[in-house]
Each structure stands twice: as C-alpha cells, then as structure tokens.
Amino acid sequence: MWKRLVLALSAAGFALAASAVDINKGNPQELTAIKGIGPALSERIVAERKNGNFKNWDDVIARVKGVGDTAATKLSANGLTVNGGAYKTAALAPKDGKAPAKASGSKPEPVKK
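Parameters and conventions
- Residues numbered from 1 in each chain as written.
- Predicted model: local features only at pLDDT ≥ 70, side-chain atom pairs only at ≥ 80, totals over all residues.
- Heavy atoms only, no water.
- Phe/Tyr/Trp six-rings, centres within 6.5 Å; stacked < 30°, edge-to-face > 60°.
- Helix = DSSP H or I, 4+ residues; strand = E, 2+ residues; numbered from the N terminus.
- Buried < 20%, exposed > 50% of the residue type's maximum accessible area, 1.4 Å probe, protein only.
- Salt bridge = Lys/Arg side-chain N within 4 Å of Asp/Glu carboxyl O.

1. Some points on the packing of aromatic side chains
1) Next: For the coordinates displayed, the defined rule picks out 1 aromatic pair.
2) Next: Geometrically, the ring pair formed by tryptophan 57 and tyrosine 87 is edge-to-face, given 5.5 Å between the ring centres and 65 degrees between the ring planes. Here tryptophan 57, found in helix α4 (residues 57-63), pairs with tyrosine 87, found in the segment after β2 (80-81); they are 30 residues apart in sequence, far enough to count as distant.
3) Next: Judged by its relative accessible area of 7%, tryptophan 57 is buried.

2. Points about the pattern of salt bridges
1) Next: On inspection of all chains with the given rule, the structure shows 2 salt bridges.
2) Next: For glutamate 48, the salt bridge identified is with arginine 63, shortest N-O distance 3.0 Å. Here the residue glutamate 48 occupies a position in helix α3 (residues 39-49), and arginine 63 occupies one in helix α4, the gap between them amounting to 15 residues.
3) Next: Between arginine 63 and aspartate 59 there is a salt bridge, and its shortest N-O distance comes to 2.9 Å. Of this pair, arginine 63 and aspartate 59 both sit in helix α4, 4 residues apart, which is roughly one turn of the helix.
4) Next: For arginine 63, a relative accessible area of 23% gives the class partly exposed.
5) Next: Judged by relative accessible area, aspartate 59 falls into the buried class, the value being 15%.

Set out below in structure tokens:
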C-alpha cells in the first residue's frame, strides 16, 4: 500500500514539473496549455519574442499587452516561467510608501454607550 502511495505522489509531482512552460521556449500550443493563456495572448507572446527573449518577468510585463502583476502572478502559479523562474510579487506595501503602523499589543478600549 505504501509503495502505491509513494508511486502516486511521485507521478503527481512529475506531472506538475512537466506542466511548467518557459515563456522563451514554449511553442504556441504549449503556451495555450497554461491556464490563463488563450490563443490571442499566446500570439502576442510569440510575436514579442521575435524581438528578443524575455529577460525576466518585469520584461514580460513591460512588453506583452494584457500581462500585469495580477496576470503574471496567476500565470506563474499555473506553470509559466521566465528563464526557469517563477514570478515573485512585490512585498505588500501601502501605495503612499509609508510603513504600516505596528500594533501596540494592548487590548482596545471598550466602547462606551
């Protein structure tokens, strides 16, 4: 029984590893196999790739219409890589550039009625 479980988990891991597609190497069919990439986006990627390979995810975001931070996060999670690397989102920070306030550790005052 344990052997079957180990074999099944190994097969699942291999399937996940095999599903990764590098944006600089994948053909249109491999790209459209990634959830979130349809024929139109695949064509834009391949067309832009003719201008040179993508250096990193920021390069993809800058050059491919329709790919921003949100799309890059989803595509990376679904197996798309750039030069073998996954997309790393920037640390969540407030848009005003200020550091978030630290909690004081004390309990809030009860609301008086």
